[in-house]
Amino acid sequence: MAKDKSENEDLNILKENISKDGKIILKDDVYIIVTQAFCPNGHNLVGCGKEDFDGYPGICVKVANDEKEGMLELSPFQGDHSKRGVTFPQGTKVKIKCPTCGVEFPVVGRCKCEDGHLHKIYLNPKLNDAHMIVVCDAWGCYFSRLIDDNELFSEFIDEE
Ligand SMILES: [Zn+2]
Ligand SMILES: [Zn+2]
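Just so we're clear, the structure is a prediction, and the values are computed from it rather than from any experiment.

J.: When you look at the overall build of the protein chain in this model, what are you seeing that I'm missing?
T.: Scanning the protein chain from terminus to terminus reveals 1 helix and 13 strands. Overall, the protein chain shows an N-to-C arrangement of helices and strands of β-β-β-β-β-β-β-β-β-β-β-β-β-α. The proportion of buried residues among the 160 residues of the protein chain is 32%. Long-range pairs, those at least 24 residues apart, make up 43% of the contacts in the protein chain with a sequence separation of at least 6.

In structure tokens:
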């Protein structure tokens, strides 16, 4: 699977060795760990918070609704839905923003949950659509996940 992508120019998937250049790390052949993620203006979201996920910095975003706003850190591990920081009632529609410039992440489509939309976070500074994380704006939705190719992408987007 992800191993085949190790020579992709836009995205380094490294096996076990942690590199400053790595965007995604494949750990013990099992875990994919995001080490860089970008807003549409190119700000890196990884490591601007203070949380630690099993030794790795989280993916930091600002989350807001009409009543409050706060920092949230998402686990950098693919498939791990843990997050730390601000919380909202289950199902609350929230805005997901860059903590540095405040831009909202672009919508890529409807989520399979009731009324959520998926927003994309780029995984490389070239803002290439082939590699992104999508995050649902319905608080507590579990469809948010790491996307690393278009096939996987179409698998779970609810086509309109
Ligand atoms: Zn930004
Ligand atoms: Zn959703």
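There's more to say after this.
J.: What is the right way to read the sheet that holds strand β7 (residues 69–74) from this model?
T.: Hydrogen bonds along the backbone pair up the strands of a sheet, which may run parallel or antiparallel. Strand order in the open sheet formed by 4 strands is β8-β7-β6-β9, and the pairing between neighbours is antiparallel. Two strands close off the open sheet at either side, each with one partner strand: β8 (83–85) and β9 (95–97). Pairwise comparison of adjacent strand axes, ignoring direction, gives a mean angle of 35 degrees for this sheet. Judged from the 3 bridges that link them, strand β6 (residues 59–64) and β9 form a sheet pairing that is antiparallel. Looking at β9, one finds that Val 63 is bridged to Ile 96.

J.: I'm lost on the pairing of β6 in this one. Help?
T.: For a regular strand, side-chain orientation follows a simple rule: the groups alternate between the two sheet faces. Within β6, 5 of the 6 residues are buried, which leaves the element mostly enclosed by the surrounding structure. As judged from the 6 bridges shared by β6 and β7, these two strands associate in the antiparallel manner. The partner of Val 63 across the bridge, within β7, is Gly 70. Once β6 ends, the chain turns through 4 residues before running back antiparallel as β7.

J.: What is the right way to read the environment of Gln 78 from this model?
T.: Inspection of the secondary structure puts Gln 78 in the loop between β7 and β8. Overall, the presence of 19 C-beta atoms within 10 Å leaves Gln 78 in the partly exposed class. With 44 residues separating them along the chain, Gln 78 and Val 34 place their C-alpha atoms 7.6 Å apart.

Conventions and cut-offs
Residues numbered from 1 in each chain as written. Chains lettered and ligands numbered in written order. Predicted model: local features only at pLDDT ≥ 70, side-chain atom pairs only at ≥ 80, totals over all residues. Helix = DSSP H or I, 4+ residues; strand = E, 2+ residues; numbered from the N terminus. Buried ≥ 20, exposed ≤ 12 C-beta atoms within 10 Å, placed from the backbone. Contact = placed C-beta atoms within 7 Å. Pairing = 2+ DSSP bridges. Axes fitted to C-alpha atoms, helices over the stretch in contact; angles between N-to-C directions.

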